[in-house]
Amino acid sequence: MLKRISFTVNEQEVSMEVDVRESLLEVLRNRLGYTGAKKGCGVGECGACTVLVDDTPIDSCIYLAVWADGKKIRTVEGLAKNGELTEVQKAFVDEGAVQCGFCTPGLIMTTTALVERGEKLSREEIKRELSGHFCRCTGYKQILHAAEKCLNNICKSNEGQQVNREDN
Amino acid sequence: MVSEMYDIKEYYEAKNLEQALETLAADPGLTVVAGGTDVLIKMHHGRIEKARLLSIRRIASLAGITVGADVTIGIGPLATFTRLSRDEQIKENLPILVEAALSMGGPQIRNVATIGGNICNGATSADSAPTLFALNARLVLKSKKDERIVPINEFYLGPGKVDLLPGEILTEIRIDPADYRGFGGHYIKFSMRKAMDIATLGVAVTCRLAGGDAFADVRIGLGVAGPTPLRCREAEEFARGKVVSAETIAEIGRLAVKSTRARTSWRASREYREHLVVELVQRALKTAVVRAGGVEIA
Amino acid sequence: MSYQVIGKSVKRVDAVAKVTGKAKYTGDFVEKDMLVGKILRSPYAHARVKRINTEKARALPGVEAVLTCADVPHIKFATAGHPYALDPEHRDIEDRLILTDKARFVGDAVAAVVARDELTAAEALKLIEVEYEELPSLLSVEAALAEDAPAIHEDRPDNVIASGGYAYGDLEKSMQESDLIFEGEYETGIVQHCQLENHNSYAYVDGENRIVIVSSTQIPHIVRRVVGQALGIPWGRIRVIKPYVGGGFGSKQDVCLEPLNAVMTLAVGGRPVRLELTREECMIDTRTRHAIKYKIKTGVSRDGKINAVHITAISNNGAYASHGHAIASSGGAKFRYLYTPQAMKYEPRTVYTNLPVAGAMRAYGCPQIFFAFESHLDEIARALNMDPIALREKNLVQVGHKDPLSDTRVLSCGIRECIARGRELIQWDRKKALYKNQTGDRRRGLGMACFSYQSGTFPHNLEVAGARIVLNQDGSVQLQIGATEIGQGSDTVFAQMVAEVLGITVDMVHVISTQDTDVTPFDPGAYASRQTYVTGMAVRKAALEVKEKILDFVRGMTDIPAGALDLREGNVVYAHSGEVVMPLAEVAMQSYYDPVFSSPITSDVSNNARINAMPYGATFAEVEVDIKTGKIEVLELFNIHDSGKIINHQLAEGQVYGGAAMGVGYALYEQLLFDEKTGRPLNNNLLDYKLPTIMDIPDIKAVFVETNEPTGPFGAKALGEPPAITPAPAIRNAVLDATGVAFRRLPLNPQHVFEKLKEAGLLDRDGE
Ligand SMILES: Cc1cc2nc3c(=O)[nH]c(=O)nc-3n(C[C@H](O)[C@H](O)[C@H](O)COP(=O)(O)OP(=O)(O)OC[C@H]3O[C@@H](n4cnc5c(N)ncnc54)[C@H](O)[C@@H]3O)c2cc1C
Ligand code: FES
Ligand code: FES
């Protein structure tokens, strides 16, 4: 069964026929070439396939492609603009949060969504927000540091903005 | 082309509830899919083959959380666990449900998994179930012709089996003010991992105090203590009117086991689960007492 | 010695590729019209395949080929990722067929399908009719060793793969002379690597009729050889390409998919066929960590001197040999470099059972033996009323120690400093006193454990490594190595080494991370924590050769003797003053384009490291035990390592955090379970197999005691695997300290802890 769907991937409009049997992960990887999202289990357990649907992290392996109709999809390929890494990507590089890199795109997407939400989170809350990603290489410590680094920056810049507003 | 696909033969998307009920009435053999976090997994493992799916996920009217004039809380079955955990009404009135919601899966799962799917899937390990049992939740089940309301205590028929008649959809989960106002509660999910895990035991306890030092009402909902989620009536009966003390609470813990039907599996032995019931019911109750305005019991 | 780049936390050379999604793994490459291969697996643990009917499967539209044992080469081959041994005695056991006619574990591959897509392939598998003759399944080492047990492999009638150990000194005499004898039995569980990227490969036949295999492997050159052996074709007809790899930890130090994948493409006229395992398959049909049972008998003098150690071990190898006895053997050999008993005897036996195949996994037999012995030592310390640290300190090796059974000598050893650091960091003395005589429902305790390890496999195996460097026109270089980056950071460390020698920055070193057996220098691959030490020697040698050629070329240009020159900060300089003679880029341009002297500068070296060096370390852990539920919380965990000179602290810390986390999983959570009657896997998925999440891992602290290893490149020793060795015994010893209960089996999951505490009477207070 085929269905025509329209959605955006990294701000590009896409209109295509998908097989109702396909997951969003398979469409992104095999039909559209966004191979940044990885498959580590195919059943929602590992988080390697995480992408943002309307800015919310989801496991794209257990999300049917037809469900993406009308949605805004973001993958790791859409983050860096003109070769300039985002704060989250930079933090992952600088903190040594990357080893084999297979879990990395998913974790970067979840962290990006967290940063964009702009809430102040405790260390335990950050851990909970990242707990849907397995990483076998890093023991998570440097990943946590990377996430904390960009979340703290956000909080700082939010505070900065507030001060400015009051000043006005 | 290399593409892993789900074994789906037919797929329909309902725009609104009427259309969903209509479609289901015409073809009751369709499998309803909401978040899909149970349905797709079953397909992956070959437990559902050649699936014929009716998606209800775009029915906006089933996703809301409302508080009626009489402060009855209505939870749409499509409310995701993330939504539940962040909803101001739920946070204020049913904090125990927030605990349950946050104990479930991981963030990406919570972002799509729905409370309706959690219940209708019929698993004894469903993390929302013990709490909804303790809250005496009532389920609104609609078909094209009918609507009935079933207490959640009667909804579970066996492992993976619930009282959904052909053509029926769960359209609301209702919680009466009498079942949550003045109560303190606590949900303990006992599992090996702190996230991404299925409960070895789920313990939801709510209580109301009388005069500050006696139990007016204690409710204990358990998951994975039997083939379905269950309530511990004998322990609850015993508690009524008793002075809040370590001894009373210990006895409640011991009595709770009487309502359980735990079994031994490779995940945990019956003996261990029963031991956990005794211990964790006490722990949950002690926290619930404090949240109900009582004093802390060591 | 002062270095410019060595010892600095430079960023990973592949980090940007990995955070942008540009790093391509095996699954990210798509060939036109790629077909899908799938495997039919035995539902029985032990059964003969009597008949297979593939007719219906073949008739299914979209099915391109159906293969059974009868359709594929029938040559037994060995899968282990070891270098080939010219000496037949020293070769790995050849007991595997591409598809089997006798299933030896649930999941064994009996047939395969190639089809146009997954669903068709899955459908076709269901249409294959197999008639099995069930045989008694041997699901434990005891069952396999029983008198009347059937043979899992005909040529090993007793199911014993091998039983070679070692002995030195007069064991009996040393035991007799000891004041006290201690005995204990210890047991570890089966765990799985769970690297995030499942095993994945694809294969096709190219225009020259050669088989090209792209695979997620740690050992491309070995894969090439094994595919050649398994198919009975010349090795040169095979080309193996390794792109980025999403982790391996030893599971990809084995040839799991490639021979079948090669046969699949041949069966469909050379069209590309992908063979990718699901997580469920990966957890049972790649490799696992050996479960090993130990019996230890130790003779000790009253003051804590260990005189005699006798260890017997039975290692559960599962259905095929893979690395076989090498695991138990190697664990025992590495153990010899920690303590100094006068006499020791090690008697391991490795046994076939009808369970998934055990193979290499991070620290290769050491997590098992150190769990056993370090647990045993703490029991001895308690009995002697001695502090566990004091007991160990009495018996540790020193620099200069010579192995009684080989020529290997300990030339650097920081174990004492490691222990001293751990003791201070965890506040051992203060907390030990504080936690005496606890009675509550939550009890705390401290534990520690030590290890010794090796850097590579010499003298057991060949340790040859290859590196190639090309100087580019702009003064940058390309570096090619045969050893593989699989996440551990070796590419970055090699880039640092080259940058250090050539006086350039790391971004001027372009590391080719892809290995391609057609072009990459020969090197057996990523394992045994060998890369920094062994491949590092080759890389350093290649860089030194380029340096020599550069300086020689400059001598030709300037007549300044090479000995007076050096390379610094991208320039050729006077060695004595640092005065710039000319930029390196200028030399490079001349080397390419000088009309008379053009001779582009390259090096292509191999290094056979006939030496080894011992890294050391210790874990210190503090735990809290919830007596009523059996849950253990690790409050603090320090891993302190002597790995010689640390080349890159940030990467090294990453190795420690990751390895120690794996150790925590081993201690508390992880275990692959099987139905006791049928041998069916019960939890071969990530929901039921308890791989720790970010919320389950404590705040691990990594500490380095930097010694200078004279044989290592820049003073380095191995680090990759060791962090995983001692967390489990340290945590176990902390639980012993907290509760007084000696656990002897891994993992210490809540139900296990509950049962032991109950047995010990710790739950009796409430009359339960
Ligand atoms: C990795 C992973 C981790 C998980 N962890 C947990 C956990 O920790 N705790 C837990 O409780 N569960 C867990 N689950 C299970 C699952 O996510 C939950 O049960 C979830 O709530 C199901 O909701 P859904 O919307 O995805 O259901 P679906 O899969 O869409 O549906 C589930 C069932 O309910 C039926 N159904 C759904 N909605 C309705 C309706 N409105 N009316 C009638 N029938 C309906 C469907 O027909 C189906 O039978 C996990 C699942 C995964 C994949
Ligand atoms: S691949 Fe989607 S969660 Fe693992
Ligand atoms: S970096 Fe390898 S799994 Fe996370």
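Residues numbered from 1 in each chain as written. Chains lettered and ligands numbered in written order. Predicted model: local features only at pLDDT ≥ 70, side-chain atom pairs only at ≥ 80, totals over all residues. Heavy atoms only, no water.

Q: Whenever I open this one, the overall build of chain C confuses me. Can you help?
A: On a plain count of helices and strands, chain C comes out with 19 helices and 28 strands. Taken against the 2.2 N^0.38 rule, which gives 27 Å for 768 residues, the C-alpha radius of gyration of chain C at 27 Å falls within 12% of a compact globule. Dimensions of chain C, computed from the C-alpha atoms along their principal axes, are close to 95 × 75 × 50 Å. In chain C, which comprises 768 residues, the proportion classed as buried is 66%. For chain C, restricting intrachain contacts to residue pairs at least 6 apart in sequence, the fraction spanning at least 24 positions comes to 80%. Accessible surface for chain C amounts to roughly 25,600 Å². Of this, 49% is attributable to carbon and sulfur atoms. Taking the average place of the 83 positive charges on the side chains of chain C and the average place of its 97 negative ones, the gap between the two points comes to 2 Å. (Helix = DSSP H or I, 4+ residues; strand = E, 2+ residues; numbered from the N terminus. Rg over C-alpha atoms; globule rule 2.2 N^0.38 Å. Buried < 20%, exposed > 50% of the residue type's maximum accessible area, 1.4 Å probe, protein only. Contact = heavy atoms within 4.5 Å. Areas by Shrake-Rupley, 256 points an atom, 1.4 Å probe, with all protein chains shown as cover. Lys, Arg positive; Asp, Glu negative; His and termini not counted. Charge placed at Lys NZ, Arg CZ, Asp CG, Glu CD.)

Q: Help me out: how do you make sense of the UniProt feature "domain: Aldehyde oxidase/xanthine dehydrogenase a/b hammerhead" (unreviewed entry) in chain C in this one?
A: Here, the residues flagged by UniProt with the feature "domain: Aldehyde oxidase/xanthine dehydrogenase a/b hammerhead" (unreviewed entry) are residues 20–136 of chain C. Secondary structure within residues 20–136 of chain C divides into 14% helix and 30% strand; the distance between the first and last C-alpha atoms comes to 52 Å. (UniProt positions renumbered as here; feature names shortened; annotations may be inferred.)

Q: Explain the sheet that holds strand E26 (residues 616–626) of chain C here, please?
A: Strand pairing in a sheet is mediated by backbone hydrogen bonds. Such pairs are either parallel or antiparallel. Residues and elements named next belong to chain C. Taken together, four strands build an open sheet; the order of strands is E17-E26-E27-E28 and the sheet is mixed. Whereas interior strands pair on both sides, the edge strands pair on one side only; in this sheet they are strand E17 (442–452) and strand E28 (700–704). Between one strand axis and the next, the sheet turns through 15° on average, direction left out of account. One ladder, built from five bridges, connects strand E27 (residues 631–642) with E28; its direction is parallel. Across the sheet, the residue bridging to Phe638 is Lys701, located in E28. (Pairing = 2+ DSSP bridges. Axes fitted to C-alpha atoms, helices over the stretch in contact; angles between N-to-C directions.)

Q: Looking at this model, I keep getting lost on the pattern of salt bridges. Mind explaining?
A: Opposite charge on two side chains permits them to pair, given that their charged atoms come into close proximity. Residues and elements named next belong to chain C. What the rule picks out here adds up to 100 salt bridges over all chains. Salt-bridge contacts for Arg224 lead to Asp518; the nearest nitrogen and oxygen are separated by 3.6 Å. Note that Arg224 is positioned in helix H6 (residues 220–231) and Asp518 in the loop between strand E21 (515–516) and helix H15 (531–558), a separation of 294 residues in sequence. Look at Arg224 and you get buried, because its relative accessible area is 18%. Overall, the relative accessible area of 33% leaves Asp518 in the partly exposed class. A salt bridge links Glu463 to Arg530, with the shortest nitrogen-to-oxygen separation between them at 2.7 Å. One end of the pair, Glu463, is in the loop between E17 and strand E18 (464–471); the other, Arg530, is in the loop between E21 and H15, with 67 residues separating them in the sequence. Assigned by exposure class, Glu463 and Arg530 land together as buried. (Salt bridge = Lys/Arg side-chain N within 4 Å of Asp/Glu carboxyl O.)

Q: What should I look at first to understand the interface of chain A and chain B in this one?
A: Contacts between the two partners involve 38 residues from chain A, matched on the other side by 35 residues from chain B. Both faces considered, chain A and chain B share a buried interface measuring about 2,900 Å² in area, 59% of it formed by carbon and sulfur atoms. Ranking the residues of chain A by area buried against chain B places Arg21, Ile62 and Trp67 of chain A at the top, with a combined share of 23%. Where chain A touches chain B, the interface holds zero salt bridges. Joining chain A to chain B, the criterion identifies 10 residue pairs in polar contact (both at pLDDT 80 or more). When residues of the side of chain A that touches chain B are assigned to their parent elements, the largest contribution, four residues, is made by strand E4 (residues 56–59) of chain A. A breakdown of the residues in the side of chain A that touches chain B according to their chemical character gives 14 nonpolar, 11 polar and 13 charged. (Buried area = accessible area lost by both parts, 1.4 Å probe. Polar contact = N/O pair within 3.5 Å; in protein donor to acceptor, adjacent residues only side chain to side chain. Nonpolar A, V, L, I, M, F, W, Y, C, P; charged D, E, K, R; others polar.)

Q: Just checking my understanding: could you explain the site of ligand 1 for this structure?
A: The full set close to ligand 1 counts 36 residues, and Val32, Thr37, Asp38, Thr114 and Asp127 of chain B are the nearest of them. At ligand 1, the nearby residues belong to more than one chain, namely chains A, B and C. Separating a nitrogen atom of ligand 1 from a side-chain N or O atom of Asp127 of chain B is a distance of 2.7 Å. Expressed as a share of its isolated accessible area of 980 Å², the protein-covered part of ligand 1 is 93%. Of all the elements in the fold, those that place two or more residues in the shell around ligand 1 are strand E2 (31–33), helix H2 (39–44), helix H7 (115–120) and strand E10 (169–175) of chain B. Residues belonging to the shell around ligand 1 are distributed by class as follows: 20 nonpolar, 11 polar and five charged. (Near = heavy atom within 4 Å.)

Q: Looking at this structure, I do not really get the sheet that holds strand E10 (residues 200–205) of chain C. What am I missing?
A: Residues and elements named next belong to chain C. Taking strand neighbours across the sheet as the criterion, the eight strands line up as E3-E5-E1-E13-E10-E11-E12-E21 in an open arrangement whose pairing is mixed. Where the open sheet ends on each side, the last strands, each with one partner, are strand E3 (63–68) and E21. Across five bridges, E3 lies against strand E5 (residues 109–115) in antiparallel orientation. Following the sheet pairing, Val66 is matched in E5 by Val113. Strands strand E11 (211–215), strand E12 (238–242) and E21 of the sheet are contacted by H6, whose axis makes an angle of about 145° with E12. The strands touched by helix H7 (residues 258–267) are strand E1 (35–41), E3, E5, E10, E11 and strand E13 (273–276); relative to E10, the strand with the most contacts, the crossing angle is about 35°.

Q: Explain helix H19 (residues 750–759) of chain C here, please?
A: An α-helix turns once every 3.6 residues. As a result, residues three or four positions apart point the same way. Restricting attention to buried positions, one finds in H19 of chain C the residues Pro750, Gln751, His752, Val753, Phe754 and Leu757 of chain C. Buried residues belonging to H19 of chain C abut strand E11 (184–190) and helix H12 (270–291) of chain B together with E26, E27 and helix H18 (727–739) of chain C. One or two positions beyond H19 of chain C, positive phi appears at Gly761 of chain C, with a value near 85°.

Q: What is the right way to look at the domain arrangement of chain C in this model?
A: Size of an interface: often given as the accessible area lost when the parts come together. Residue and element names in this part refer to chain C. Here chain C is partitioned into domain 1 (15–22 + 464–608), domain 2 (31–135 + 199–276) and domain 3 (288–457 + 612–767). Computed from C-alpha atoms alone, the centre-to-centre distance between domain 2 and domain 3 is 36 Å. At the junction of the two partners, domain 2 supplies 22 residues and domain 3 supplies 21 residues. Summed over both sides, the interface between domain 2 and domain 3 buries roughly 1,600 Å², with carbon and sulfur atoms accounting for 53% of that surface. If you sort the residues of domain 2 by the area they bury against domain 3, Asp95, Phe105 and Phe249 come out on top, with a joint share of 31%. Our count for the domain 2 to domain 3 interface comes out at 14 residue pairs in polar contact (both at pLDDT 80 or more). (Domains from an automatic or database assignment.)

Q: Explain the environment of Leu139 of chain B here, please?
A: Residues and elements named next belong to chain B. Its place among the elements puts Leu139 in strand E6 (residues 138–142). Leu139 gets classed as buried once you look at its relative accessible area, which sits at 0%. Residues Leu139 and Pro151, 12 residues apart in the sequence, show an inter-C-alpha distance of 6.0 Å.

Q: Where do I start with the packing of H6 of chain C against H7 of chain C in this structure?
A: Angle between the axes and distance between the axes are the two parameters that describe a pair of packed helices. Residues and elements named next belong to chain C. With their axes 9 Å apart at the nearest point, H6 and H7 run at an angle of 60° to one another. If you check the angle between H6 and H7, you find them oblique. The two elements H6 and H7 meet at a crossing, and its hand is right-handed. Here Val223, Val227, Ala230 and Leu231 of H6 come into contact with H7, specifically with Glu258, Pro259, Ala262, Val263 and Leu266. Each residue belonging to the contact of H6 with H7 can be placed in one class, and the counts come to eight nonpolar, no polar and one charged. (Parallel < 35°, antiparallel > 145°, perpendicular 65-115°, else oblique. Left-handed = near helix turned anticlockwise from the far one by under 90°.)

Q: Mind showing me how you'd approach the packing of aromatic side chains here?
A: Two descriptors summarise a pair of aromatic rings, namely the distance from one centre to the other and the angle between the planes of the rings. Residue and element names in this part refer to chain C. In the structure shown here, the tally under the stated rule is 18 aromatic pairs over all chains. Aromatic side chains Tyr592 and Tyr593 sit 5.7 Å apart centroid to centroid with 40° between the ring planes, which places their arrangement in the tilted category. Through a chain of ring-to-ring contacts, the aromatic side chains of Phe335, Tyr339, Phe370 and Phe373 assemble into a single cluster. The ring of Tyr320 has Arg96 sitting right over it, with the charged end atom 4.1 Å from the ring centre. (Phe/Tyr/Trp six-rings, centres within 6.5 Å; stacked < 30°, edge-to-face > 60°. Lys NZ or Arg CZ within 6 Å of the ring centre and 35° of its normal.)

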